[in-house]
Amino acid sequence: MVKHAVEANFDGLVGPTHNYAGLSWGNVASKTNVNAVSNPREAALQGLAKMKRLADRGYVQGILPPHERPHIPSLKALGFSGTDAQVLEQVATTSPSILAAVSSASSMWTANAATVSPSADTGDHRVHFTPANLSAKFHRSIEHTVTGRTLKSIFADEGYFAHHPALPSVSHFGDEGAANHTRLCGHYGEPGVELFVYGQVAFNEQAPAPQKYPARQTLEASQAIARLHGLKDSNLVFAQQNPAAIDAGVFHNDVIAVGNGNTLFYHSMAFLNEEQVLADIRARLTGAELEAVRVSNADVPLEDAVASYLFNSQLLNTPDGMLLAVPGECREVASVSKYLDKLLDAGGPITAVEVFDVKQSMRNGGGPACLRLRVVLNDDELQAMHRGVLLTDALYERLTTWVETHYRSELTRGDLADPMLLDEVRKALDELTGILGLGSIYDFQM
Ligand code: SUG
């Protein structure tokens, strides 16, 4: 019997060290805004406001906490030594780029936190989680340990939830999590089609690959996750991202496509072999017909898709159809704004468009969809998880006050070596694990 299930969205709470360090080659916004002055307080409040608006609409909205940054254990592993203040001083003087990397608040983009397969799809009928190794970028490769601890703390009941360690942290198994994974289905509680999109085949140097920017996800990583999660061939599609799109700044598939339910909203340049991808999905999707909403390059040129992050929108069920929750930048790019008006007139599955302001995150290449990890949960699983991380009015108020108390409103690269900043972060995060009831998840708490 099909169980009733919902899609819960777990947004990353932006951390107190949110800054613009230009760390992501291949991510246009990250490079464009390098050294801009950031506003961590505004960034966190923008994220909370997005969560609140969606929670108010009745969506199940969860929170994943930020990570401890600057991350002193990573610096010690690289040979910096002494007290925390001495470590910070040494790294700031000799290797400021390493300090920037271990200070990034990049765990906010929880679409990259993990790949999650709902229990309706998996071999043992538990929800499976694999934190992404994020091995393509050093600053992100240090996220998976704490991500794994957090997910285990929230989804602790082994009767319902299964946790795998991140894949081996080498380029052959480069894995960027749910940003390259979309699930299509009739109802959330029914078996779905898990679409894994990869940028490169690691063990075949002859296979098509981008020329300019790195492909962060390999086919081999996607296949490994499908095996670990016990997914069946009949529910799986592996699709290669168009290398030309990666070279135009589409560093994750969720910058050019988003799926929900029976609907895949995508740009004509998203996939290397578009027709085959659609045919593969159609052949496997049961209980619903695929609605393919294709945006042509004539309507929205690829560079406008990248600049506006049109496809990094959340696609959400409503009683009347689907809501596309777009970043504000979509109304600032003429072709995209025009397209959105046309989309609403077209009478397709997407029946509403709403704008969300996440500008602080957008300047680092993270739109509304990057900021959330989707976890499909049936009613029993929703009851079994730790509910202290689900947003309520009271929790929203509490977290807003927490941000206002602990966060700075200006941060530059020069501030990252300030030992006071590290103290502020630890104090704030210690309080946060208490607020969320998560127990000890950070290294400084162990
Ligand atoms: O990995 N930016 C992130 C953005 C991640 C967006 N996520 C998804 N598309 N799902 C990245 O490139 C920039 C940090 C800096 O430059 O300071 C950064 O890490």
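Every chain is numbered on its own, with residues counted from 1 as its sequence reads. For this predicted model, a pLDDT threshold of at least 70 governs which residues receive local features, and a threshold of 80 or more governs which side-chain atom pairs are given and counted, while totals over whole chains, interfaces and linings are taken from all residues. Remark: hydrogens and water are excluded; side-chain values derive from all non-hydrogen atoms of the structure.

## Observations concerning the packing of helix H15 (residues 393–406) against helix H16 (residues 419–436)
Test applied: Comment: axis = line fitted to C-alpha atoms, over the contacting stretch for helices; angle = value between 0 and 180 degrees taken between N-to-C directions. Helix numbering and strand numbering both begin at the N terminus, where a helix is a DSSP run of H or I of at least 4 residues and a strand a DSSP run of E of at least 2. Here roughly perpendicular refers to angles of 65 to 115 degrees, roughly parallel to angles under 35, roughly antiparallel to angles over 145, and oblique to all remaining angles. Any two residues whose heavy atoms approach within 4.5 Å are treated as being in contact.
Interhelical geometry of H15 versus H16 gives an angle of 170° and a closest axis separation of 11 Å. The angle between H15 and H16 places the two elements in the roughly antiparallel class. Between H15 and H16, the contacting residues are Leu-395, Arg-398, Leu-399, Trp-402 and His-406 on the first element and Glu-424, Ala-428, Leu-429, Glu-431, Leu-432, Ile-435 and Leu-436 on the second.

## Observations regarding the sheet that holds strand E6 (residues 181–184)
So the rule is basically this: A pair of strands counts as paired when DSSP detects no fewer than two bridges linking them.
The three strands are arranged E6-E7-E8 in an open sheet whose pairing can be described as mixed. Lying at the two open borders of the sheet, with one neighbouring strand each, are E6 and strand E8 (236–240). Taking each pair of neighbouring strands and ignoring which way they run, the sheet shows an average axis angle of 25°. Two elements, E6 and strand E7 (residues 193–198), share four bridges in a ladder whose sense is antiparallel. Looking at E7, one finds that Arg-183 is bridged to Glu-194. Relative to E8, helix H10 (residues 274–284) is tilted by about 175°, and along the sheet it contacts E6, E7 and E8.

## A closer look at the pattern of salt bridges
Rules: The term salt bridge refers to a pairing of a side-chain nitrogen on Lys or Arg with a carboxyl oxygen on Asp or Glu at a separation within 4 Å. A 1.4 Å probe rolled over the protein chains alone gives each residue an accessible area, and that area as a share of the maximum for its type sets the label: buried under 20%, exposed over 50%, partly exposed in between.
Under the definition given, this model contains 19 salt bridges. In this structure, Arg-294 engages Glu-274 in a salt bridge whose closest nitrogen and oxygen atoms are separated by 2.6 Å. Here Arg-294 is found in strand E11 (residues 291–295), whereas its partner Glu-274 is found in helix H10, with 20 residues between them in sequence. Using a relative accessible area of 44% as the deciding quantity, one classes Arg-294 as partly exposed. Glu-274 gets classed as buried once you look at its relative accessible area, which sits at 13%. Put simply, Glu-424 and Arg-408 hold a salt bridge, and the shortest N to O gap is 2.9 Å.

## Thoughts on the sheet that holds strand E9 (residues 257–260)
Strand order across the open sheet formed by three strands is E9-E10-E11, with mixed pairing between neighbours. Edge strands, defined here as strands with exactly one partner in the open sheet, are E9 and E11. Mean inter-strand twist for the sheet, computed between neighbouring axes without regard to direction, equals 10°. Here strand E10 (residues 263–267) pairs with E11 via five bridges, running parallel. In the sheet register, Tyr-266 faces E11, and the bridge partner there is Arg-294. Taken strand by strand, H10 contacts E10 and E11, and its axis lies near 175° from that of E10.

## Some details on the packing of aromatic side chains
Formally: Put simply, two rings from Phe, Tyr or Trp (the six-membered ring, in Trp's case) pair if the centres are within 6.5 Å, and we call them stacked under 30 degrees between planes, edge-to-face over 60, tilted for the rest.
Inspection of the entire model under this criterion finds 13 aromatic pairs. Both rings, one in Phe-196 and one in Phe-238, keep their centres 5.6 Å apart while their planes meet at 35°; by these two values the pair is tilted. Here Phe-238 lies in strand E8 and Phe-196 lies in strand E7, a separation of 42 residues in the sequence. The exposure class assigned to Phe-196 is buried, which follows from its relative accessible area of 2%. With a relative accessible area of 28%, Phe-238 lands in the partly exposed category. One aromatic cluster is present, built from ring pairs that chain together Phe-10, Phe-129, Phe-155, Tyr-160 and Phe-161.

## Focus on empty space enclosed by the protein
Threshold: Here a cavity denotes grid points, spaced 1 Å and computed from the protein atoms alone, that fit a 1.4 Å probe unable to get out, and a pocket denotes an open set having protein on both sides within 12 Å along at least 5 of 7 lines; residues with an atom within 4 Å of a point are the lining. Grid points are joined across faces, edges and corners, and a volume is the space filled by probe spheres set on the points.
This structure, assessed with the given rule, holds five cavities of 30 Å³ or more. Space inside the largest cavity adds up to approximately 280 Å³. Listing elements by their share of the lining of the largest cavity, those giving two or more residues are E6, E9 and strand E15 (372–378). No other element matches E15, which puts five residues into the lining of the largest cavity. In this model, the second largest cavity occupies a volume close to 200 Å³. Along its surface, the second largest cavity is lined by 21 residues, and Ser-24, Asn-27, Trp-109, His-139 and Asn-364 are the ones closest to its centre.

## Some words on the site of the ligand
Defined as follows: Residues are counted as near a molecule or strand when any one of their heavy atoms sits within 4 Å of it. The definition of a polar contact used here is a pair of N or O atoms within 3.5 Å, where within protein one atom must be able to donate a hydrogen and the other to accept one, and adjacent residues in sequence count solely through side-chain atom pairs. Where accessible areas are quoted, they stem from the Shrake-Rupley method and a 1.4 Å probe; at the residue level, only the protein chains shown are allowed to cover. In this description, a molecule resides in a pocket or cavity if more than half of its atoms sit within 2 Å of the grid points defining it. In this classification, Asp, Glu, Lys and Arg are treated as charged, Ala, Val, Leu, Ile, Met, Phe, Trp, Tyr, Cys and Pro as nonpolar, and every other residue, Gly included, as polar.
Around the ligand, the structure places 22 residues, and the nearest of them are Leu-23, Ser-24, His-139, Asp-254 and Cys-370. Asn-27 places a polar side-chain atom, nitrogen or oxygen, 3.0 Å from an oxygen atom of the ligand. Here the ligand loses 100% of its free accessible area of 490 Å² to cover by the protein chains. Because more than half of its atoms lie within 2 Å of the grid, the ligand is assigned to the second largest cavity. Here the residues of the shell around the ligand are counted per class, giving nine nonpolar, 10 polar and three charged.

## Quick word on helix H7 (residues 144–154)
Of the residues making up H7, those classed as buried are Val-146, Thr-147, Gly-148, Thr-150, Leu-151 and Ile-154. Check the buried side of H7 and you find it contacts strand E2 (61–64), strand E3 (114–117), strand E4 (127–131), strand E5 (161–163) and E15.

## Some details on H10
Here is the rule: Our arc is simply the arc of the directions from the helix axis toward the C-beta atoms.
Of all the residues in H10, the buried ones are Glu-274, Val-277, Leu-278 and Ile-281. Angularly, the buried residues of H10 cover 95° about the axis, an arc narrow enough to put them on a single face. Facing away from the buried side of H10, by more than 90 degrees, are the exposed residues Glu-275 and Ala-283. Here the buried face of H10 lies against E6, E7, E8, E10 and E11.

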